[in-house]
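Chain by chain, the residues run as shown.
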Amino acid sequence: MEMVCLGRLRSNRNKYLFIIVSFLLWFPQFLYVPIFSPYMESLGGKYTFIGIVLSSYGIMQLLCRLPIGIFSDVKKVRKPFIIFGMLISMLSCVIFLLTDSLGWILAARALAGISAATWVAFTVLYPRYFADHEVHQAMGSISFIVVLAQFLGMSFSGSIVSEWGWKAPFWIAGSFSILGVFLSLFIFEPKEGIEREPLKVKELATVIKEPSLLKVALLSILAHSIIFSTMFGFTSNYALSIGFSASELTLIVFAFMIPHAIATLFIGRVLVPLLGEWNALKTAFFFASVFTLLIPFVQSKELFLAVQIFSGFSLGLIFPLLLGLAIEKIAPEKRATAMGAYQAIYAIGIFAGPFFAGIFNSLMGIKAGFYFVGVLGLMATFLIMIWGKDHDEFENEKSIKKSKAGA
């Protein structure tokens, strides 16, 4: 009995340590996000360059996520990749601290993208602390940690800058990163547990050609383009231009992120049963695009916060829907591969959205980027109207065949 209690205590300790390390990967990376664009602007960065820096985070994930996953599978170890991710995150924060050079700032943000790409190793190792039937619980808890780290990190950056200046978030982020590197050395990697089949290149090619996955991946590119060009991109710049102070950026984070989180609970319980998946997705994209297009017309703080509430909620509905649709028609044994491919493809949006929004902002002013990604949302709405119709016809044909077979 004593041995069982000791084993359970050790198991819980391993889980808690892993959760803390996971939090320490994401918290430093999002601690400076709301002030990052204004910070670069204060150093003389033009909107085109700011867009390139913001997009570097996505391009490194696009380039590195699959190779890290494949190499990790081939070597059958995860811990070294986790430690590597924490080290790269720390290096990124240190570079931000040591320089005001825009070139080095670009390098530091690109390193943050490489660090984020190692998340694939985290999501494979953590479920191995659990029994087979507890895997969904494991993924739910680790997903919550990501959202919590994003929310807490982004909530305080504006106040920190107001109190201690532009560099303060990087000092704090660097301190947490150092702690993360130290704790990651003590992560336990079990030799037994849930194993994932190594990713086969042939299988990857087959999965990527699946039409349903490609459609959903394209929509996800558009959705990520919107959020990384607005809340994780240029929203702070626009807010400061209409009279918000740096400390008040916290209000914008709360206005956007709380409804964003609530929407993930609302979608499965209310909207999908009421409208169906494709209609719910169409509605969410339409409202996300409308509220994005409204941003450049808003001049008062109160109205701006109201728009952020609805924008955050609309975008919060989209991502869980796309995640489910991405693997809906994929055979169960290929779903891990499909998810890896889906995550790599949508990183194009993390890159392309801020990159092109930055160019438009430089050419036509800060409002142009919001028009650009708002139109992307309307394009997504139009595509869903077409694809949703095809989906409904397919489902009707299936039900007719079933009823005939039953007869």
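Refer to the structure presented above.
Residues numbered from 1 in each chain as written. Predicted model: local features only at pLDDT ≥ 70, side-chain atom pairs only at ≥ 80, totals over all residues. Heavy atoms only, no water.

1. Quick word on the overall build of the chain
Helices and strands together make up the secondary structure of the chain, namely 15 helices and zero strands. By residue count, 52% of the 407 residues in the chain fall in the buried class. Counting every atom, the chain has about 18400 Å² of accessible surface; 70% of that belongs to carbon and sulfur. (Helix = DSSP H or I, 4+ residues; strand = E, 2+ residues; numbered from the N terminus. Buried < 20%, exposed > 50% of the residue type's maximum accessible area, 1.4 Å probe, protein only. Areas by Shrake-Rupley, 256 points an atom, 1.4 Å probe, with all protein chains shown as cover.)

2. Here's the deal with the pattern of salt bridges
Summed over the entire model, instances satisfying the criterion amount to two salt bridges. Its salt-bridge partner being Lys167, residue Asp100 comes within 3.1 Å of it at the nearest N-O pair. A residue pair is termed long-range when its members are at least 10 positions apart, and Asp100 in the loop between helix H4 (79-98) and helix H5 (102-117) and Lys167 in the loop between helix H7 (135-164) and helix H8 (168-184) qualify at 67 residues. In this structure Asp100 comes out as partly exposed when scored by relative accessible area, which is 47%. Here Lys301 makes a salt bridge to Glu248, at a shortest N to O gap of 3.0 Å. With a gap of 53 residues between them, Lys301 in helix H13 (residues 301-328) and Glu248 in the loop between helix H10 (211-241) and helix H11 (249-275) connect regions that are remote in the sequence. Taking relative accessible area as the criterion, Glu248 reaches 22% and is therefore assigned partly exposed. (Salt bridge = Lys/Arg side-chain N within 4 Å of Asp/Glu carboxyl O.)

3. Details of empty space enclosed by the protein
Going through the model one piece at a time under the given rule, you end up with one cavity of 30 Å³ or more. In this structure, the largest cavity spans a volume of roughly 50 Å³. The wall of the largest cavity is formed by Val33, Leu54, Arg109, Phe228, Phe232 and Pro354. Grouping the amino acids of the lining of the largest cavity by side-chain chemistry returns five nonpolar, no polar and one charged. (1 Å grid on protein atoms, 1.4 Å probe; cavity = no way out; pocket = protein on both sides within 12 Å on 5 of 7 lines; lining within 4 Å. Points joined across faces, edges and corners; volume = space filled by probe spheres on them. Nonpolar A, V, L, I, M, F, W, Y, C, P; charged D, E, K, R; others polar.)

4. Some thoughts on the environment of Ile142
If you trace the backbone, Ile142 turns up in helix H7. Accessibility expressed as a relative area gives 1% for Ile142, which makes it buried. Sequence-wise, Ile142 and Tyr126 are 16 residues apart; in three dimensions their C-alpha atoms are separated by 8.2 Å. Setting aside residues up to four positions removed in sequence, Ile142 forms contacts with Phe18, Ile19, Ser22, Trp119, Phe122 and Tyr126. (Contact = heavy atoms within 4.5 Å.)

5. Here we look at the nonpolar core
With 123 residues, the main nonpolar core has Phe36, Leu219 and Leu281 as its most contacted residues. The biggest single contributor to this core is H10, with 15 residues. Setting aside chain neighbours within four positions, we find Leu219 in contact with Trp278, Leu281, Phe285, Leu322, Ala380, Leu383, Ile384 and Trp387. (Core = buried A, V, L, I, M, F, W, Y, C linked by side-chain atoms within 4.5 Å.)

These figures capture arrangement, not role.
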